[in-house]
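Below are the chains, spelled out letter by letter.
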Amino acid sequence: MFSEEKNKNRNYGSIFVYCFFCFVLVVEVARFVKPYYNLQNLMETEAIVEEGFLDVENSGRLPCHSSGSGSVSVPARSHKKLSDTIRQESRARPPTSYCVKIQSFATLSKLVKDNGDMYESRPFSVGGYNWTFLIYPNENKPQGSGGYVSLYVRIDNSSLIANPEDVYAEITFLVYKSTIDKYHILKETKAQRFHLFRQQWGQLNFLEIGYFLDPGHGFIFNGGQSVFGVDIFVAKPFENWEVFSYEQNIRDPIFDWRLNNFSTLDRDSYTSGSFSSGGRNWVLKVYPNGVGSGTGNSLSLFLLSASNEKGYVEAKLRVIDQSRSNHVEKQVRGWPNATENGWGFEKFIPLADIKDTSKGFLVNDSLKLQIEILSFSKTDSL
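In this report, we go over the structure that sits alongside the text. All values derive from a computational prediction rather than experimental measurement.

A look at the side chain of Ser-121
For step 1, the next point in the chain: For Ser-121, the position within the fold is in the loop between β4 (119-120) and β5 (124-126).
For step 2, the next point in the chain: Owing to a relative accessible area of 7%, Ser-121 belongs among the buried residues under this scheme.
For step 3, the next point in the chain: Within the structure, the side chain of Ser-121 is placed 2.8 Å from the backbone nitrogen of Phe-133, a separation counted as a polar contact.
For step 4, the next point in the chain: Beyond its immediate stretch of four places on either side in the chain, Ser-121 contacts Tyr-98, Val-100, Thr-132 and Phe-133.

Some thoughts on unusual backbone geometry
Negative phi is the rule for most residues except glycine; trans is the rule for most peptide bonds.
For step 1, the next point in the chain: Omega for the bond connecting Lys-141 with Pro-142 falls within 30 degrees of zero, at 0 degrees, which places this linkage in the cis form.
For step 2, the next point in the chain: Located in the positive-phi region is Asn-222, a residue other than glycine, with phi close to 50 degrees.
For step 3, the next point in the chain: Tracing the chain through its elements places Asn-222 in the loop between β11 (200-208) and β12 (226-235).
For step 4, the next point in the chain: Not every positive phi belongs to a glycine, and Asn-308 is a case in point at roughly 60 degrees.
For step 5, the next point in the chain: Following the sequence through the fold, Asn-308 ends up in the loop between β18 (298-305) and β19 (313-319).
For step 6, the next point in the chain: The partly exposed category is assigned to Asn-308, whose relative accessible area is 45%.

Here we look at the environment of Phe-197
For step 1, the next point in the chain: Within the secondary structure, Phe-197 sits in the loop between β10 (192-194) and β11.
For step 2, the next point in the chain: Judged by relative accessible area, which is 78%, Phe-197 ranks as exposed.
For step 3, the next point in the chain: C-alpha separation for the pair Phe-197 and Leu-160, spaced 37 residues apart in sequence, amounts to 9.9 Å.

A closer look at the pairing of β18
For step 1, the next point in the chain: Judged by how many residues are buried, β18 sits mostly within the fold: eight of eight residues are covered.
For step 2, the next point in the chain: In the sheet, strand β17 (residues 280-287) pairs with β18 via six bridges, with the strands oriented antiparallel. Following the sheet pairing, Val-286 is matched in β18 by Leu-301.
For step 3, the next point in the chain: Two strands pair when backbone bridges link them, and β18 and strand β21 (residues 343-350) are joined in this way by five bridges, in the antiparallel orientation. Its bridge partner lying in β21, Leu-303 is registered against Trp-343.

Observations concerning the pairing of β11
For step 1, the next point in the chain: The element β11 is extensively covered by neighbouring structure, given that seven of its nine residues are classed as buried.
For step 2, the next point in the chain: Judged from the six bridges that link them, strand β7 (residues 148-155) and β11 form a sheet pairing that is antiparallel. By the bridge assignment for β11, Leu-151 is matched with Gln-203.

The rules behind these values
Residues numbered from 1 in each chain as written. Predicted model: local features only at pLDDT ≥ 70, side-chain atom pairs only at ≥ 80, totals over all residues. Heavy atoms only, no water. Helix = DSSP H or I, 4+ residues; strand = E, 2+ residues; numbered from the N terminus. Buried < 20%, exposed > 50% of the residue type's maximum accessible area, 1.4 Å probe, protein only. Polar contact = N/O pair within 3.5 Å; in protein donor to acceptor, adjacent residues only side chain to side chain. Contact = heavy atoms within 4.5 Å. Pairing = 2+ DSSP bridges.

See below:
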């Protein structure tokens, strides 16, 4: 009885030891497989990127000195920080503003650890301002970048002090990819605003650091070299502009013009001298025998801008009854609508009414015209 119980306990112990060793074996296998699994994910991601590129051989041209144009859109990687305003492409044309060639990406990554994990280029000038190019090659530097290389540009503070206006610039970051002899780019589609209190901008998550660990991806080549670049396009502020306004309280709104010897006038049209009203110069133009539809039957009368302005005008044109104040008045309201960009009427008053002396328009062969300017639009260039 006692021997039987002892054998049973021995069997339980053996089973426990066997299970323990099986558990240890499973843990070790999982630890071995995990790096391979991560490597597979990286290779699969690279394959997705490669689908959008042309498989061409390296032409032997040096990065930053190559020529060519055009861009090819590529499918976006699983880029957790890629926003709707950032476009991912490739192009043959090298950077237009500045380029940094690194002889050894791995060496730079180690050396910058004593410099805030950042490499800052020499100053260069674009758009009348001095800039520097910042490269962060290490993980989580700056904070929040995770496993990505980060790229930034910084505008020189002294440039902003000398010219304190805001600077708007379109920024494109590039990295050379030797396997296709093109530049991989992330382009911000919105212009960035730089000023004294915002001197730096960049891509926190430009490209995964894993792509710079294996030459097979093309971002390191010739023993570990890499090439980064930047395009900076500074949008100049406008210099020419205008202000549109509407004048209603008109100074000196009324102008009188007398045509003497009306019955002997022999020219097609007559123009008054220039007069000022509301701070603008005007003239009246009359066709004694009519123009257009009024030819031969009516007097035609127009208001013109002496400086050929073409805005909105509201005014009253009158032929004065010099006997009983029974004037003929017509109002213009709108943009230029008549001959020579004027405001007026081809048929203002019948010639028969003018020649009828009982109506009081023609007195001693003299005709009196009047204009009252009520309002007008104004455009000033600054």
